[in-house]
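Coordinates in review
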Amino acid sequence: ARYREQLDNIGFSFDWSREVRTSDPAYYKWTQWIFLQLFDSWYDHAAQKSRPINELIERFEKQGWSSNDDCAITGNEELDPLTAFNQDEWKAFSEKQQQQILLRFRLAYLSEAWVNWCPALGTVLANDEVKDGVSERGGHPVERKRMPQWSMRITAFAQRLLDGLDQLDWSESIKEAQRNWIGRSEGAIIRFALTPNPSPQERDLRLGYLTADPSIASELMPHANNMRKNPTEAEDKLWQLIRGDETGGRIRRQHIIDRFIVDFVSLPKRLVIEVDGDIHDLQKEEDAARTERLNELGFEVIRFSNDEVLKNGLEVRRQIIAALSKREEFVASDEAHSPLSFGEGPGVRAHSGGEVIEVFTTRPDTIFGVSFVTLAPEHELIQKITPPERMEEVMAYVTQAKNRSERERMTEVKRVSGVFTGAYVKHPFTHIDVPVWVGDYVLGGYGTGAVMAVPAGDQRDWNFATHFNIPFVPVTENWDISKGADESKEATLANSAFLNGMKVADAIPRAIDELEAKCVGERRINFRLRDAAFGRQRYWGEPIPIYYKDDVPYALPESALPLVLPEVDKFQPTETGEPPLARATKWRWDAADQQLTGSAIGHPIETTTMPGWAGSSWYFLRYMDPQNEGRFASPEAINYWQQVDLYVGGSEHATGHLLYFRFWTKFLKDRGWIDFDEPAKKLVNQGMIQGVGRFAYELLIGIQSDGRDGSPPVLALEWIPYVLISRELHLSLKDGSTDPKHLEELQYTLDQIGDLIRDAHPGHQGRITYRKASLERRVDVSIVDGRGVLDLAKYAEARNQEKKTLQNGAFAPGVVDYFCHPEVEKMSKSKLNVVNPDDIIEKYGADTLRLYEMFLGPIEQSKPWDTNGIEGTSRFLKKFWNLFHTESRNQESGISGSFIVSEEAPSKAELKVLHSTLKKVQEDIEKLSFNTSVSQFMIACNALQELWSNAPSQSGSGARGKRQVLEPLTIALAPFAPHIAEELWSLLHPDTGKEFHSVTTAQWPKWEAQFLVEDSFSYPISFNGKTRMQLEFPIGLSKEEVEAQVLANPEVQQRLEGKPPKKVIVVPERIVNIVV
RNA sequence: GCCCGGGUGGUGGAAUGGUAGACACGAGGGACUUAAAAUCCCUUGGCCCGUAAGGGCUGUGCGGGUUCAAGUCCCGCCCCGGGCACCA
């Protein structure tokens, strides 16, 4: 009520008959109704439209469902993916099964979602309410938990919400914030099939790149690449002979094994082929050691000389094929090499090889650089793929990582943590085994919760690989992978088979084509946007109109709306951790009678409530028709009002309210209740008027006496609050620095206190020692003056009320006033920095306040409230008022005596002032540039005052102003200063006994170009762009004439010193520039 | 780190590529007044020359560029505000 009064005082013209309250059942009936429509809808991706759920049921009856259908599921994935069914299977499902399936398509749906659950508080907490794994309030432990949650399938609208932004006249920053929030990224899904686990001993050797000794791999890698690029003649010849699959050994060249780079190797057959140049003794020894080590690792080594290769390459090739054919295929499933058996347990399914890890990537071109795959700690496959011997370690990590809130995971970005699962997946192209890790740098809620890690192409993967010593290869040309990842989009690919030599932009589509051809992946657009959690474990909120039958949610009928909040004994959660509404034991639904039973019998009703944004997502529609009882708003009203023309709101709603608001509007449009799909055409973020917080610093001192001279040994150990010190001293006490200037202040303060103590305890002679600390205290701005000086008496009074001992303040020498430290911040009660408009209105009036707020600067700008300039607008209003009154003034107020205006026709000059003002003001209002319109009014007022004070008495009546000028100005001023304009209007149109005409109903004055026409223009004449003089020429003079006249001017000639100008530019009615 | 805004006198802020600093505050000077308040007038980016009238140089975060002409457009930096963030 107080708030309303203030709004009225300031003169806002709200239509209070249209006031709505989202908490009023008459209003939230329709919020619940919209919820039911969302519950009753699914999203047809082919048509990009929400449609009634009945149409989906019909479709299921006709054709069943498969995952490629257009009614794709978006948003929170259930633990078990929905399996395809045909029309007969659909019909055979029980009702419960059918309902559960439908729930996966409904736009308002119940699903298992991750939440921050606090068992002690029995409630779900928002991310910012959790700090360090405990609740911010109370410090109770919080865990991440999957719980059934109502959600809104906003993700189905992601693309439309993104595209719609282009049409909107909203600030770029808001649009950009929404684009980021929606976070569209194009890329691919890639499937990695799980492989049976090799034994740990063989792992290194079995895995392509992983045959290298990890400690040295990254050093060797560039060499290997270099050697591959610059082969010797013999190497190159042999490579041409044995590359490809024909040899049966799938031979690689310049491969790293352990600490060596071998010339050629067949990994499946474990055969190393070396091509040697001239062999020295020293070299022989090294080669022997190398061969020994390779044999140890299970490789056979055969050698050829350069000569052999160059002279008889085909024979060499034949020998290699022979050697390969003698060797057994080395595979992990071979029991002889893989003694490890898993037995029963979670690892079994992985062993059977049936699982697939799906990853999302925006860089499918880097597929050949994959050196491991990382799963989010929340990933469901972790349990299934981890072999038993690693289970304990992996689960310990998962539990620890999962319970860190997302906020925490974000704040500790730099910390790398993870664990190897022990499982491997097959690379889709090379078929090399790739290890699977768990790492908390992968988020469960984004993409598939799994990434293919390419350390050479992604810095996070690089950090992870480097931290855990996982070897990797570069995938771009000329890149030193020891320094970091190459994330450049301009790079050229290398080491990447069919992608070699391609630019990133070309390689991406090519890679996807290959993936699709091999059926191991496909193009995918992914959105960052997540479905919005809709349920709240709180009492105050709109009840969700849902009841449960057989644990399946069903809609309440429209007749049951509004479903009002039941009465409960307490607003807290129940002892068993259920929401407060669960306390309403007699709140049940009778499905047969279609009504609340009012007893404990019947179907349970949903106990969570709607979030704050539910009601605010559609209120603009209710304004159109606030009293309608039969519909949220009548079609006629909606048709009349349409979209919001101008929405003024804070930018803090950029990704919350302003997105949901658009989402609901699109939904209502889809289902045909409204015919526009964006709620607000234009949106302006008004800046906030900020507060200036004020701070004082108190010294806290403990005093002790040494008990000399017969005083009691401890005279006093008392804390004296309210000893004010400077901010500088406070800061230096805090960080322990010893600036002599501050020490001086401190000493002085201490001396003062000593005196106080002695005064309080006469006769005491002992030495006094102190213990020092200081404290920052927020001061209510109402007891601080404009300059920041604290009102000490009031401060003492306020501190007294806190029932603390009070002593006088002590200041440094020479200081009389205590200046409070200012800090610009949001205005809020808790910050004690709220400036009440009442005081300003009291002193200057509401119009001055309004004008001043507008005059402060552009509407979008935030700035601290500062009354320094308010005199200016106040003076303007007085001057404006005076134009309507006689010269004789009231001595007290400075306001003129009696109202009088002249009926004389205005002069040309007066009309010009009037019409240029009308023009500017009209243009500025359209641009919402209120500060410049106010300034234009000031200009007009000053100009008129000037014109009229030179001709003091129009027609001898004592009038200064002319009606024909002042009346239009009054109308134009009315939106800015309604009170004074109305008052002047009533003076201009005295009550003639008929009905009262308000200025607000007066015809808006139009500016006319004819009054703005000038006869001449004063050209600035510039030389080389620097203005030097002014020359006046009549309007309409041609360019050539102006140029001729300018050049004829003696002063110009003087400046030219007789030389002809290089060039003369004449812009009519703007400028003349002479280039010398 | 990425994405949006910004950076102009002592202050809030004006300037469709065309006279930078409108308008207002503050400050200084003056008028009226016994005095104060109120009101009115003058000056007010910086530096320099001139007794003066007047004139010159310089100036929109920094460095380049385009142009007859740049606060405004382009390139590269710096700083401030806001949004997003291990988003694959």
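What counts, and at which threshold
Residues numbered from 1 in each chain as written. Chains lettered and ligands numbered in written order. Predicted model: local features only at pLDDT ≥ 70, side-chain atom pairs only at ≥ 80, totals over all residues. Heavy atoms only, no water. Helix = DSSP H or I, 4+ residues; strand = E, 2+ residues; numbered from the N terminus. Buried < 20%, exposed > 50% of the residue type's maximum accessible area, 1.4 Å probe, protein only. Contact = heavy atoms within 4.5 Å. Phe/Tyr/Trp six-rings, centres within 6.5 Å; stacked < 30°, edge-to-face > 60°. Core = buried A, V, L, I, M, F, W, Y, C linked by side-chain atoms within 4.5 Å. Expected span 1.5 Å × (residues − 1). Bend = angle between axes of the 7 residues up to and from the residue. Pairing = 2+ DSSP bridges. Axes fitted to C-alpha atoms, helices over the stretch in contact; angles between N-to-C directions. Salt bridge = Lys/Arg side-chain N within 4 Å of Asp/Glu carboxyl O. Parallel < 35°, antiparallel > 145°, perpendicular 65-115°, else oblique. Polar contact = N/O pair within 3.5 Å; in protein donor to acceptor, adjacent residues only side chain to side chain. Arc of directions from axis to C-beta. Nonpolar A, V, L, I, M, F, W, Y, C, P; charged D, E, K, R; others polar. pLDDT = per-residue confidence, 0-100.

Scanning chain A for helices and strands turns up 35 helices and 38 strands. Per-residue burial over chain A gives 47% buried out of 1076 residues. Look at the contacts in chain A between residues 6 or more apart in sequence, and 69% of them connect residues 24 or more apart.

Moving on, we get to the packing of aromatic side chains. All chains considered together, the criterion is met by 54 aromatic pairs. Ring geometry for Phe35 against Trp150: centres 5.5 Å apart, planes inclined by 70 degrees, an arrangement best described as edge-to-face. Of this pair, Phe35 sits in helix 2 (residues 25-39) while Trp150 is found in strand 7 (residues 143-152), placing the two residues 115 residues apart along the sequence. Ring geometry for Trp437 and Phe464: centres 5.5 Å apart, planes at 85 degrees, overall edge-to-face. In this pair, Trp437 sits in strand 17 (residues 433-439) while Phe464 sits in helix 18 (residues 459-467), placing the two residues 27 residues apart along the sequence.

This paragraph deals with the nonpolar core. Counting 65 residues, the largest nonpolar core has Phe35, Met152, Phe534, Phe632 and Trp664 as the members making the most contacts within it. Residues within four places of Trp664 in sequence aside, it is in contact with Thr31, Ile34, Leu38, Met152, Phe534, Trp613, Ala614, Ser617 and Trp618. Within the second largest apolar cluster, 53 residues are counted, among which are Leu381, Val398, Phe420 and Val436.

Before going further, it helps to spend a moment on helix 16 (residues 388-402). With 15 residues, helix 16 ought to run about 21 Å at 1.5 Å a step, and its terminal C-alpha atoms sit 20 Å apart, in line with that. If you look at helix 16, its biggest bend is around 25 degrees, right at Val394.

This part covers the sheet that holds strand 12 (residues 271-276). The strand order across the open sheet formed by four strands is 10-11-12-13, and the pairing between neighbours is mixed. On the outer flanks of this sheet lie strand 10 (251-257) and strand 13 (300-305), each paired with one strand and no other. Neighbour to neighbour, the strand axes of the sheet diverge by 40 degrees on average, direction disregarded. Looking at chain direction, strand 12 and strand 13 are connected through six bridges and run parallel. What sits directly across from Ile273, in strand 13, is Ile302. Across the sheet, helix 13 (residues 313-326) touches strand 10, strand 11 (260-266), strand 12 and strand 13, and the angle it forms with strand 13 is around 175 degrees.

Our focus in this paragraph is the pattern of salt bridges. A full pass over the atoms with the stated rule returns 38 salt bridges. Where Lys666 meets Asp677, a salt bridge forms, and the shortest distance between an N and an O atom there is 3.4 Å. Within this pair, whereas Lys666 is found in helix 23 (residues 657-670), its partner Asp677 is found in the loop between helix 23 and strand 27 (680-684), the two being separated by eleven residues in sequence. In this structure Asp677 comes out as partly exposed when scored by relative accessible area, which is 26%.

What follows deals with the packing of helix 30 (residues 908-926) against helix 31 (residues 930-949). Helix packing for two helices is described by the angle between their axes and how far apart those axes are. The geometry of helix 30 relative to helix 31 is characterised by a closest axis approach of 9 Å and an angle of 175 degrees between their N-to-C directions. Accordingly, the angle class assigned to the pair helix 30 and helix 31 is roughly antiparallel. Across the interface between the two elements, Ala909, Glu910, Val913, Ser916, Thr917, Lys920, Val921, Asp924 and Ile925 of helix 30 pack against Phe930, Thr932, Ser933, Gln936, Phe937, Ala940, Ala943, Leu944, Leu947 and Trp948 of helix 31.

A word on the sheet that holds strand 35 (residues 1016-1023). Judged by pairing direction, the sheet is mixed, and its four strands sit side by side in the order 36-35-38-37 without closing on themselves. Each of the sheet's edge strands pairs with one partner strand only, and the pair in question is strand 36 (1026-1034) and strand 37 (1063-1067). Across the sheet, the axes of successive neighbouring strands diverge by a mean angle of 20 degrees, strand direction being ignored. Pairing between strand 35 and strand 38 (residues 1071-1075): three bridges, direction parallel.

Turning to the side chain of Asp670, a few remarks are in order. Locating Asp670 in the fold gives a position in helix 23. Its relative accessible area of 9% is what places Asp670 among the buried residues. Among the polar contacts listed, one links the side chain of Asp670 to the side chain of Ser50, at a separation of 2.5 Å. For Asp670, the side chain forms a polar contact with the side chain of Arg160, separated by 2.9 Å. If sequence neighbours within four positions are ignored, Asp670 has contacts with Tyr43, Lys49, Ser50, Phe157 and Arg160.

Moving on, we get to the pairing of strand 27. The pairing of strand 8 (residues 169-170) with strand 27 spans two bridges and is classified as parallel. Looking across to strand 27, one finds that Asp169 is bridged to Lys682. Relative to strand 27, strand 26 (residues 644-648) runs parallel, the two sharing four bridges. Across the sheet, Tyr647 pairs through a bridge with Leu683, a residue of strand 27.

Let's shift gears to the side chain of Arg363. Of note, Arg363 is situated in the loop between strand 14 (356-361) and strand 15 (372-375). For Arg363, the residues in contact, after removing those within four places along its chain, are Met452, Gly457, Glu487, Ser488, Lys489, Val504 and Ile508.

Taken as a whole, helix 33 (residues 978-988) has its buried residues at Pro978, Ile980, Ala981, Leu984, Trp985 and Leu988. Each buried residue of helix 33 sits inside an arc of 165 degrees when the element is viewed along its axis, so together they form one side. Considering only its buried residues, helix 33 is in contact with helix 28 (846-855), helix 29 (870-882), strand 33 (901-902) and helix 32 (963-973).

It is at 7 Å that the axes of helix 28 and helix 33 come closest, and there the two elements cross at 125 degrees. Judged on the interaxial angle alone, helix 33 and helix 28 are oblique. Taking contact as the criterion, the partners of Ala846, Asp847 and Arg850 in helix 28 are, on helix 33, Pro978, His979 and Ile980. Across the contact of helix 28 with helix 33, the residue classes break down as three nonpolar, one polar and two charged.

Going from Leu561 to Pro562, the amide bond is cis rather than trans, its omega being -5 degrees. Inspection of the secondary structure puts Pro562 in the loop between strand 22 (552-555) and strand 23 (588-590). Positive phi, close to 55 degrees, is recorded for Cys519, a residue that is not glycine. Tracing the backbone through its elements, the reader meets Cys519 in the loop between helix 19 (504-517) and strand 19 (521-527).

Moving on: the pairing of strand 15. Neither face of strand 15 is left uncovered, since the one carrying Phe372 and Thr374 and the one carrying Val373 and Leu375 both have all their residues buried. Sheet topology note: the strand 15/strand 17 ladder contains three bridges and is parallel. Bridging from a neighbouring strand, Thr374 pairs with Trp437 of strand 17.

Let us now look at the environment of Glu274. Among the secondary structure elements, Glu274 is positioned in strand 12. Look at Glu274 and you get buried, because its relative accessible area is 3%. Taking the C-alpha atoms as reference points, Glu274 and Arg390, 116 residues apart in sequence, are found 38 Å from one another. Sequence-distant contacts of Glu274, defined by excluding residues within four places in its chain, comprise Val262, Asp263, Arg290, Val301, Ile302, Arg303 and Phe304. At 3.1 Å, the side chain of Glu274 forms a polar contact with the backbone nitrogen of Asp263.

On to the environment of Val134, then. With respect to the helices, strands and loops of the structure, Val134 is situated in strand 6 (residues 134-135). For Val134, a relative accessible area of 29% gives the class partly exposed. For the pair Val134 and Asn116, spaced 18 residues apart in sequence, the C-alpha to C-alpha distance is 9.8 Å.

Attention shifts here to the confidence of the model for chain A. For residues with low pLDDT, the predicted coordinates do not support detailed interpretation. Scored by pLDDT, chain A comes out at a mean of 81, with 83% of its residues at no less than 70. Note that residues 198-210 has pLDDT below 50 and, in this model, 38 contacts with residues that lie over four places away or in other chains. Long-range and interchain partners of residues 890-895, a stretch whose pLDDT sits below 50, account for six contacts in this model, where long-range means more than four residues apart. Scored by ipTM, the complex comes to 0.94, with pTM at 0.77.

Here we take up the environment of Ile980. Within the fold, Ile980 resides in helix 33. Through-space distance from the C-alpha of Ile980 to that of Phe93 is 74 Å; in sequence the pair is 887 residues apart. With near-sequence residues (within four places) excluded, Ile980 lies in contact with Asp847, Leu877, Trp881 and Leu973.

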